[in-house]
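Survey of secondary and tertiary structure
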Amino acid sequence: QVQLVESGGGLVQAGGSLRLSCAASGGTFSMYSMGWFRQAPGKEREFVAVIRWSTGRTYYADSVKGRFTISRDNAKNTLHLLMNSLKPDDTAVYYCAADSSGGLWTSGRRYEYWGQGTQVTVSS
């Protein structure tokens, strides 16, 4: 059973940085893609970034391009999201998700496994 556990959320001032991590277990992830999504209060879940585990190829939402960097640590089966130049609009619960097909999906419906989420709050 694949399990995803996020960590690294917290409170940060606008302009600051945070690095989220997602520890993956219970599967062989070499052919997976893994993504980050977020959901703010009263809003729908939205795509943030995705990485194909095998090649490292990435894709970002326009709203975070140039500020956020998704990466993976193959040895530790861990996904990261480095968030720089944070804005109050980035405040949300951030979720990692995994898909065994390896596609660079932006729709949450394509992902089979989800973590429990970690809160990121950016103060102005």
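This text goes with the structure placed above it.
1. Side note on the environment of S21
Mapped onto the fold, S21 is located in strand β3 (residues 18-25). What makes S21 buried here is its relative accessible area of 14%. Sequence-wise, S21 and G108 are 87 residues apart; in three dimensions their C-alpha atoms are separated by 19 Å. Leaving out residues up to four positions away in the same chain, S21 has contacts with V5, E6, S7, W36, T78, L79 and H80. At 3.0 Å, the side chain of S21 forms a polar contact with the side chain of H80.

2. Remarks on the sheet that holds β3
On the basis of which strands lie adjacent, the open sheet formed by 4 strands has the order β1-β3-β8-β7 and antiparallel pairing. Edge strands, defined here as strands with exactly one partner in the open sheet, are β1 (3-7) and β7 (68-73). Across this sheet, the average inter-strand angle for adjacent strands is 15°, counted without regard to direction. Alignment of β3 against strand β8 (residues 78-83), held across 6 bridges, turns out to be antiparallel.

3. Thoughts on the state of the cysteines
Applying the stated criterion to the full structure yields 1 disulfide. Two residues share a disulfide in this structure: C22 and C96, whose sulfurs sit 2.0 Å from each other. On the S-S bond that ties C22 to C96, the torsion sits near 45°, and the link is right-handed. Pair noted here: C22 is in strand β3 and C96 is in strand β9 (residues 92-99), with a separation of 74 residues, a long-range link. In terms of burial, C22 and C96 fall into one category: buried.

4. Notes on unusual backbone geometry
Unusually for a residue other than glycine, N77 sits at a positive phi of about 50°. Mapped onto the fold, N77 is located in the loop between β7 and β8. Residue S85 is not a glycine yet carries a positive backbone phi of 50°. Turning to its location among the elements, S85 is positioned in the loop between β8 and β9.

5. Concerning the side chain of D99
By the element assignment, D99 lies in strand β9. One buried charged residue, D99, forms no salt bridge at all, with the nearest opposite charge on R110 at 6.2 Å. Look past the residues within four positions of D99 in its chain and what remains in contact with it is Y32, S33, W105, R110, Y111 and E112.

6. Looking at the packing of aromatic side chains
Between two aromatic rings, the relevant description is the distance of the centres plus the angle of the planes. Evaluated as defined, the whole model comprises 7 aromatic pairs. Seen from their ring centres, F29 and W53 are 6.5 Å apart, and the 50° between their planes marks the pair as tilted. With F29 in the loop between β3 and β4 (33-39) and W53 in the loop between β5 (46-52) and β6 (58-60), the pair connects residues that are 24 residues apart, well separated along the chain. For the pair F29 and W53, a shared accessibility class is recorded, and that class is buried. Relative to Y111, the ring of F37 has its centre 5.2 Å away and its plane inclined at 80°; by these criteria the two rings are edge-to-face. Within this pair, whereas F37 is found in strand β4, its partner Y111 is found in the loop between β9 and β10 (113-114), the two being separated by 74 residues in sequence. Assigned by exposure class, F37 and Y111 land together as buried. Each residue in the set F37, F47, Y59, Y111 and W114 is aromatic and connected to the rest through ring pairs, giving one cluster.

About the thresholds
Residues numbered from 1 in each chain as written. Predicted model: local features only at pLDDT ≥ 70, side-chain atom pairs only at ≥ 80, totals over all residues. Heavy atoms only, no water. Helix = DSSP H or I, 4+ residues; strand = E, 2+ residues; numbered from the N terminus. Buried < 20%, exposed > 50% of the residue type's maximum accessible area, 1.4 Å probe, protein only. Contact = heavy atoms within 4.5 Å. Polar contact = N/O pair within 3.5 Å; in protein donor to acceptor, adjacent residues only side chain to side chain. Pairing = 2+ DSSP bridges. Axes fitted to C-alpha atoms, helices over the stretch in contact; angles between N-to-C directions. Disulfide = S-S within 2.5 Å. Lys, Arg positive; Asp, Glu negative; His and termini not counted. Salt bridge = Lys/Arg side-chain N within 4 Å of Asp/Glu carboxyl O. Phe/Tyr/Trp six-rings, centres within 6.5 Å; stacked < 30°, edge-to-face > 60°.

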